[in-house]
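Letter by letter, the chains look like this.
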Amino acid sequence: MIEAIQLSKVFNGTTAVSNLDVNIRTGEIYCLLGANGAGKTTTINLFLNLVQPSNGSARISGMDVTKYPIETKQKLTYIPENLSLYPGLSGIENLQFFCGLSGLKLTSDDAALFLEQSGLQASAVHDRVSTYSKGMRQKVGIALAIARKSDVLLLDEPTSGLDPAASNDFAGLLTEMKERGAAVLMASHDLFRAKETATRIGIMNKGILVEELFAGDVTHSDLEKIYLNHMRD
Amino acid sequence: MMRHLFLFEWLHIRKSGAFWGIVGVLPLMIGFSLFLGSQRIAHQEETMAQLRASEREFYEAKRQELKAIEQDGSSVDMWWQNPANPLVLGQFGQAGKHVFLEPKPLSALAAGQLDILPFYGRVTLTGTEPLRDNALENPFMQVSGSFDFAFVLVWLIPLFVIVMGYNVISSEREGGTFALLTSQPVSMKRILAGKLLFRYLLVLGIILVSMTAWALLFGIDLLNRDGGLLLIVVSAYIAFWFLLCALVNMAKTGSAVNAVILAGLWVFFLLLLPSIITLTSSTVHPVPSRALWITEQRAIQQEVESEGEELFDLWIVDHPKEFVEGDTPQFYNIWLRRFVWAETVQERKQEAERLFEEPRMRQTALAARLRPLSPPMTVQTWLERKAGTDADRLRSLDEEMHAFQQKWQDFFLPRFRMLEFFASDELKEIPSPGH
């Protein structure tokens, strides 16, 4: 569903991603862990076709994102670290707008329903987004994925800056998305959330995927040790 | 997709103070410019009506006077009081006729060169006299300039377009929504096109609705072929400025930089480029100074005066059957000479004028070839041409006056030279300019 084959990106002689091979299946949450500059965001941007790979290919549902940019984007929802929406519009209007860009017309009632499914309070859906907290805005992003029935979710530090309760809510939503059959690629610094939410965890350092493990096979403590060991290299 | 983008663009724009500012100010500017235009046309038409009425009254009075003389068989002692005398009818006092450049359907839209060039003039047997009753009589007009629709369209509307279009994409970057937009299954070019197209149609709609409403209110007829062409020109000109906004938005610059670039383009297209075109055409084809031309005209006048009798003698030799010999009245002898001299002055001035006019025409032609480089200049020129207030048309007044003067002279001078006075019935045949 989400596939990187020998994917590399070099910026002005600096390797950001090197020969990445990853295959994330439906119903799987893959968490990329790594320090700042490890290449997590570049990897997500490669899947979004925002940067062109220097080598290899990034594929969504079997399609190379550079050859099928529109078709692959039709299948995915992207939630950046700080999901910015149109502050003058309500949650419903924002959802209607972004769904409309993929050809999905939503009535206000449909949009409200999807927002509520994503955990947003019913009383907030008509409010201007300028009054929303970061956690509420992230929920609009999840509502977008639910409404569009996205096969793929690309998340870049989605829980960064969220309070523990909001972060826990968000993890619950991801699990729901996984159960709906989505393939999720999440870049994060948050080892605890990665262990709790992900199916598999990949550790990146200096653009290289240095270790890949199943979340269920390690304890929180083991994961931390492994991670820190790689970061010291 | 476009419908969707339009709908949400409207949701954004209706919450924008800048947009409501434009909705408030732009129609007022258009209305004010059309009001001033309609006033200008009304003034022109009033001037023409008054002068034509005055001409009609003058010649009707002369005809009645002459008829009365014919009926009671009386005679007039003083030659200058005799309504049958060609000089009285063609030269003196109120005699003579006015030639006008009639307003065109779009005249209210562009004052053009009317503040420096006249739209009418008086023709008598000895010459043509262009008349001004506009800016030169009201110097404040030259200080304030003409606030006409051409000024609003060419100079001010681009500023409104820049306000509407400078940050269409940069505001998405600055607001953080760009990241989410780029992940959507639609290209940024299409989003940019949709957003700008909607804003373009909105601005165009405001302009067209305002123009139509104000034109109806002020009695300006836009429902004609030129009105249709105007619609195309306005649409294209606004599209040009939105296109510049699109190009600037495609660069990954911030809103402030975009605004500065677009303001710079406004200065370039409206101020610098026209100046460069003017400089180039005047450098390649320099025109002798106006002062030299005026000096030349005075020299011709003096030359003819000094040649006086010699010129008249030559004319006598050349036109042996076109005058009366023997004991003729004094006024006849004086005016026979004056007409010869006036004709000579006119001929020599025309010859000299060519020396000044030819480089000017070459300069104008070069400027016209370079003009398409500047869309604002092209639109301004087009509007003035359609309004009939461009320099070429206003200069054509001279030609029209000279052509009519020829008719005027052909009607009166042969009769004067043969000392043949008019009968009252013949006064109906006094020529009028072919308005």
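A quick note: this is a predicted structure, and the numbers were derived from the prediction, not measured.

1. Observations concerning the environment of B:Leu26
Residues and elements named next belong to chain B.
Point 1. In this structure, Leu26 sits in helix 2 (residues 17–72).
Point 2. With a relative accessible area of 0%, Leu26 lands in the buried category.
Point 3. A sequence separation of 142 residues divides Leu26 from Val168, and the C-alpha atoms of the two residues are 20 Å apart.
Point 4. Excluding anything up to four places from it in sequence, Leu26 contacts Ile157, Phe160, Ile206 and Ile207.

2. Quick word on the domain arrangement of chain B
Residues and elements named next belong to chain B.
Point 1. As assigned here, chain B comprises domain 1 (2–37 + 155–282) and domain 2 (64–145 + 285–429).
Point 2. For domain 1 versus domain 2, the distance between C-alpha centres works out to 47 Å.
Point 3. Listed as interface residues are 25 residues of domain 1 and, on the opposing side, 21 residues of domain 2.
Point 4. Between domain 1 and domain 2, roughly 1800 Å² of surface is buried when both sides are summed, and carbon and sulfur atoms account for 77% of that area.
Point 5. Seen at the junction of domain 1 and domain 2, the total is 1 salt bridge.
Point 6. Among the ionic pairs, Lys386 bridges to Asp226, the shortest N-O distance being 3.3 Å.
Point 7. Between the two partners, domain 1 and domain 2, sit 3 residue pairs in polar contact (both at pLDDT 80 or more).
Point 8. Counting residues per element, the ones that place at least two in the side of domain 1 that touches domain 2 are helix 2, helix 9 (225–250) and helix 10 (255–284).
Point 9. The greatest single-element share of the side of domain 1 that touches domain 2, amounting to 9 residues, is contributed by helix 9.
Point 10. For the side of domain 1 that touches domain 2, the residue count by class is 15 nonpolar, 7 polar and 3 charged.

3. Looking at the interface of chain B and chain A
Point 1. Each partner contributes to the interface: chain B provides 22 residues, whereas chain A provides 25 residues.
Point 2. Across the interface of chain B and chain A, roughly 2100 Å² is buried in total on both sides, 68% from carbon and sulfur atoms.
Point 3. Summed over the three residues of chain B that lose the most area to chain A, namely B:His4, B:Leu180 and B:Pro185, the buried surface amounts to 29% of that side.
Point 4. For the pair chain B and chain A, the interface holds 1 salt bridge.
Point 5. Between B:Lys15 and A:Glu93 there is a salt bridge, with the nearest N and O atoms lying 3.9 Å from each other.
Point 6. Counting across the chain B and chain A interface gives 6 residue pairs in polar contact (both at pLDDT 80 or more).
Point 7. Of all the secondary structure elements, the ones that give two or more residues to the side of chain B that touches chain A are helix 1 (2–13), helix 6 (170–175) and helix 7 (178–182) of chain B.
Point 8. Among the elements that line the side of chain B that touches chain A, the one with the most residues is helix 1 of chain B, at 5 residues.
Point 9. Split into classes, the residues belonging to the side of chain B that touches chain A amount to 10 nonpolar, 9 polar and 3 charged.

4. Some points on the nonpolar core
Point 1. Counting 121 residues, the largest nonpolar core has A:Ile201, B:Leu109, B:Ile238 and B:Trp241 as its most contacted members.
Point 2. Other than its neighbours up to four places away in sequence, B:Ile238 contacts B:Ile157, B:Val161, B:Tyr200, B:Val203, B:Leu204 and B:Ile207.
Point 3. Core analysis: the next-biggest nonpolar cluster, separate from the first, contains 38 residues, B:Tyr59, B:Leu89, B:Val123 and B:Met401 among them.

5. Let's talk about the packing of aromatic side chains
Point 1. One pass over the full model with this rule turns up 36 aromatic pairs over all chains.
Point 2. Plain terms: the ring middles of A:Phe97 and A:Phe98 are 5.1 Å apart, the flat faces sit at 70° to each other, and that makes the pair edge-to-face.
Point 3. A:Phe97 gets classed as buried once you look at its relative accessible area, which sits at 4%.
Point 4. Assessed through its relative accessible area of 2%, A:Phe98 is described here as buried.
Point 5. Residues B:Tyr59 and B:Trp408 carry aromatic rings whose centres are separated by 6.3 Å and whose planes lie at 80° to one another, so their mutual orientation is edge-to-face. Of this pair, B:Tyr59 sits in helix 2 while B:Trp408 is found in helix 14 (residues 391–417), placing the two residues 349 residues apart along the sequence.

6. Some thoughts on the sheet that holds strand 8 (residues 183–188) of chain A
All names here are of chain A.
Point 1. Spatially, the 6 strands line up as an open sheet ordered 6-7-8-3-9-10, and their pairing is mixed. Two strands in the sheet have a free side with no partner beyond their single neighbour: strand 6 (76–79) and strand 10 (208–214). Averaged over all pairs of adjacent strands, the angle between strand axes in this sheet comes to 15°, irrespective of strand direction.
Point 2. Here strand 3 (residues 28–34) runs beside strand 9 (residues 200–205); their pairing, made up of 5 bridges, is parallel. Counted as the bridge partner of Leu33 is Ile203 from strand 9.

Rules used throughout
Residues numbered from 1 in each chain as written. Chains lettered and ligands numbered in written order. Predicted model: local features only at pLDDT ≥ 70, side-chain atom pairs only at ≥ 80, totals over all residues. Heavy atoms only, no water. Helix = DSSP H or I, 4+ residues; strand = E, 2+ residues; numbered from the N terminus. Buried < 20%, exposed > 50% of the residue type's maximum accessible area, 1.4 Å probe, protein only. Contact = heavy atoms within 4.5 Å. Domains from an automatic or database assignment. Buried area = accessible area lost by both parts, 1.4 Å probe. Salt bridge = Lys/Arg side-chain N within 4 Å of Asp/Glu carboxyl O. Polar contact = N/O pair within 3.5 Å; in protein donor to acceptor, adjacent residues only side chain to side chain. Nonpolar A, V, L, I, M, F, W, Y, C, P; charged D, E, K, R; others polar. Core = buried A, V, L, I, M, F, W, Y, C linked by side-chain atoms within 4.5 Å. Phe/Tyr/Trp six-rings, centres within 6.5 Å; stacked < 30°, edge-to-face > 60°. Pairing = 2+ DSSP bridges. Axes fitted to C-alpha atoms, helices over the stretch in contact; angles between N-to-C directions.

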